[in-house]
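# Inside the fold
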Amino acid sequence: MKTLLKADGSGRALHLEDSYKKISIFYILLMGIYQMADKMYGSGFVAFMNAGGLTAVQIGFVLSFQDLALAVFDYPSGNLADRHGRKKTGSAGLLIWGISLITFGLSSSFVHFLLSSLLMAIGLALFSGSHFSWYIDELIRLNKYEFRAKILPWNRGIIMSFSVAGALLASYLVRWNIQTPLIVAGILAIAGGIISFLVFQDNYGEGAETRFFRQLHFNTRQFARDKAMKIILAKNIFSTFGFSIFILYWQLYAVNVLKLDYRVLGIVLIGMTLILTVSNFIVSYLTKFFDNYRITILGEVLVIAGFAVLSFQGSLLLFFTGIILLELGLGIDGASMNTWVQDHIGSQNRSSYNSALSSLGSLTGFVMLLVSGLIVDHVAPSFIWLMAGAGGAFSLGVLILYAPFLRKHADVLLEKQA
């Protein structure tokens, strides 16, 4: 009898291991397709709108409109995913996003770009966080969640490598036409969405039998009362401030202050993507020695150091040193935080909470980009970088102050779910 039990237990363990490998490969490939398509879109969408006759003001309006639309659609999409299936909802989102990329690539007027951006926001809202929430709960089902500190950063590193492939592919395809990378990106996303519909089982949260708006109201109240979510949001707001300044200013600084050629910016961007990719594998290694909260603190310290180095003007060596430190810090921060945030979210409302964080992040990004634009236009370069570093310092302060509470909160929630 003991032999039979042992054999049966071993067989089940092998089955779970095989299932884990299959869903991990599926998740990595699917998210990799998204990263590749997103990088192909990101490599030239502003230039494409400009070639379509849009002014800088119109381009800015399209981008702001998309951010606002994403903030509006993102939160309820998480509740839809918990009710109707996370993989199903994410697959629909990827499909819609792919269609929007093609319509964007075929657009030729301000109204067309605006409508394509609206469709893009709907697709991204449905896709954002849905497959990740599905994957996290599959790890729990397959008894692999305890290894999340190694699994998630490693997977994220592989997924990020698709971004490099996307950037290189875009630089090749643009030789035919500036819209070609957009069309190919859309086709890739549509193919990924269709495949995702067809494979593996779905998982769900709670509230399927409750009216949608009642469940939405309940989840909103729960989220607003959750101290851990408030801490995470506070940290994100401060770090987004510094990141927004960096996104707006680094290319202007490189061209106007350091006098770099525009063609060099593409090479720098690929290098930055490679550093972000490597940083995920570094996090996976560091988990052998430190918990994820300490690793996130390390990432924040590197971000602050990067901004501090950038504040010394006029030197290419210091510029590239600052960029390396900054990208390493951003990658380490993002990969480690991406892991421990899930410890503060229950399976019953995982998509809802992830969408709430994403939606509020989009709204924060919209506001911070406006604030950062004002700062960049009216402040000296060295002070711009120091202000960005101050945002990182406040983010670090929040994390250091509340790390003991977060550790305790995570342990309590994980015990309840065990």
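Worth saying up front: this structure is predicted, and the values here are computed from it rather than measured. Each chain has its residues counted from 1, following the order in which its sequence is written. Thresholds applied to this predicted model are a pLDDT of at least 70 for local features of residues and 80 or more for the giving and counting of side-chain atom pairs; totals over whole chains, interfaces and linings are not thresholded and use all residues. In computing side-chain properties, one takes all heavy atoms of the structure into account and sets aside hydrogens as well as water.

### Details of the overall build of the chain
For the chain, the count of helices and strands is 15 helices and zero strands. Relative to the compact-globule value of 22 Å for 418 residues, the chain shows a C-alpha radius of gyration of 22 Å, a close match. In terms of overall dimensions, the chain has a C-alpha envelope of 75 × 45 × 40 Å along the principal axes. Exposure classes here rest on a 1.4 Å probe applied to the protein chains alone. A residue is buried below 20% of its type maximum, exposed above 50%, and partly exposed in between. When the 418 residues of the chain are sorted by exposure, 49% land in the buried category. Two residues qualify as a contact provided that any one of their heavy atoms is within 4.5 Å of a heavy atom in the partner residue. Across the chain, contacts joining residues at least 24 apart in sequence account for 85% of those joining residues at least 6 apart. Using the Shrake-Rupley algorithm and a 1.4 Å probe, accessible areas are obtained, with residue cover drawn only from the displayed protein chains. If you sum the accessible surface of the chain, you get close to 19,500 Å²; carbon and sulfur atoms cover 69% of it. Runs of H or I in DSSP of at least four residues are treated as helices and runs of E of at least two as strands, each being numbered from the N terminus. Each radius of gyration reported is based on C-alpha atoms, and the globular scaling rule is 2.2 Å times the count of residues to the power 0.38.

### Quick notes on the packing of aromatic side chains
Classification of ring pairs uses Phe, Tyr and Trp, with its six-membered ring standing for Trp, and accepts pairs whose centres are within 6.5 Å; under 30 degrees between planes counts as stacked, over 60 as edge-to-face, and the remaining range as tilted. Considering all chains together, one arrives at 21 aromatic pairs under this definition. Their ring planes at 75° and their centres at 5.6 Å tell us that tyrosine 41 and phenylalanine 104 sit as a pair that is edge-to-face. Placement of the pair is tyrosine 41 in helix 1 (residues 2-42) and phenylalanine 104 in helix 4 (residues 86-105), with a sequence separation of 63 residues. On the accessibility criterion, tyrosine 41 (8% relative accessible area) is buried. Seen in terms of ring centroids, phenylalanine 104 and phenylalanine 113 are 5.0 Å apart; in terms of plane orientation they differ by 65°. Their pairing is edge-to-face.

### Points about the nonpolar core
In this description, a nonpolar core means a group of buried Ala, Val, Leu, Ile, Met, Phe, Trp, Tyr and Cys residues linked to one another through side-chain atoms lying within 4.5 Å. With 48 residues, the main nonpolar core has Met49, Trp97, Phe104 and Tyr135 as its most contacted residues. Ranked by residue count, the leading element in this core is helix 1, at 13 residues. If we ignore the near neighbours within four places in the chain, the residues touching methionine 49 are Leu54, Ile59, Val62, Leu63, Phe104 and Phe113. Core analysis: the second largest hydrophobic core is formed by 24 residues, Tyr249, Tyr253, Val268 and Ile323 among them.

### Observations concerning the confidence of the model for the chain
Each residue gets a pLDDT score, which is the predictor's confidence in that residue and runs from 0 to 100. Across the chain, pLDDT averages 84, with 93% of residues at or above 70. Within the chain, the element-level pLDDT minimum falls on helix 9 (residues 212-225), averaging 74, and the maximum on helix 4, averaging 95. Within the model, pLDDT remains below 50 along residues 1-7, and this stretch shows zero contacts once partners closer than five positions in the same chain are excluded.

### Comments concerning helix 12 (residues 292-310)
A helix is expected to span 1.5 Å for every residue after the first. The terminal C-alpha atoms of helix 12 lie 27 Å apart, and with 19 residues this matches the ideal 27 Å at 1.5 Å per residue to within 8%. Under the rule applied, a polar contact is a pair of N or O atoms within 3.5 Å (in protein, one hydrogen donor and one hydrogen acceptor; residues adjacent in sequence only if both atoms are side-chain atoms). For helix 12, the capping residue at the N-terminal end is aspartate 291, with a side-chain oxygen 3.2 Å from the backbone nitrogen of tyrosine 293.

### So, the environment of tyrosine 41
Considered as a pair, tyrosine 41 and alanine 185 are 144 residues apart in the sequence and their alpha carbons are 6.7 Å apart. In contact with tyrosine 41, other than residues within four places in its own chain, are Gln66, Leu101, Phe104, Met120 and Leu182.

### Overview of the pattern of salt bridges
We count a salt bridge whenever a side-chain nitrogen from Lys or Arg sits within 4 Å of a carboxyl oxygen from Asp or Glu. Counting across every chain of the model gives twelve salt bridges. Between aspartate 343 and arginine 148 there is a salt bridge, and its shortest N-O distance comes to 2.7 Å. In this pair, aspartate 343 is assigned in the loop between helix 13 (316-340) and helix 14 (350-378) and arginine 148 in helix 7 (residues 148-173), connecting sequence segments 195 residues apart. A residue is classified by how much of its surface remains accessible, and aspartate 343, at 8% relative accessible area, is buried. By relative accessible area, arginine 148 is classed as buried at 15%. Overlapping salt bridges bring together Asp82, Arg86, Asp137 and Arg350 as one network.

### Remarks on the packing of helix 4 against helix 6 (residues 130-141)
An axis is simply a line fitted to the C-alpha atoms; with a helix, the fit covers only the stretch in contact. Between two such axes, the angle follows the N-to-C directions and lies from 0 to 180 degrees. For the pair helix 4 and helix 6, the least separation of the axes is 8 Å and the interaxial angle reads 155°. It follows from the interaxial angle that helix 4 and helix 6 lie roughly antiparallel. At the point where helix 4 passes helix 6, the crossing takes the left-handed sense. Contact with helix 4, carried on its side by Arg86, Lys87, Thr89, Gly90 and Ser91, involves Ser130, His131, Ser133, Trp134 and Asp137 of helix 6 and no other residues of that element. For classification, angles of less than 35 degrees are called roughly parallel, those exceeding 145 degrees roughly antiparallel, those between 65 and 115 degrees roughly perpendicular, and all remaining angles oblique. In this scheme the crossing of two helices becomes right-handed for a clockwise turn of the near helix relative to the far one and left-handed for an anticlockwise turn of less than a right angle.

### Side note on unusual backbone geometry
In this structure, asparagine 143 is a non-glycine residue whose phi angle is positive, near 60°. The topology assignment puts asparagine 143 in the loop between helix 6 and helix 7. Among the residues examined, asparagine 143 registers a relative accessible area of 44% and is labelled partly exposed. Positive phi, normally seen in glycine, also occurs at phenylalanine 200, with a value near 65°. For phenylalanine 200, the location among the structural elements is in the loop between helix 8 (180-198) and helix 9.

### As for the side chain of aspartate 137
Looking at the secondary structure, you find aspartate 137 in helix 6. For aspartate 137, a relative accessible area of 11% gives the class buried.

### Regarding the side chain of serine 279
Relative to the helices and strands, serine 279 resides in helix 11 (residues 262-286). Residue classification places serine 279 among the buried positions, given a relative accessible area of 0%. Sequence-distant contacts of serine 279, defined by excluding residues within four places in its chain, comprise Leu328, Gly331 and Ile332.

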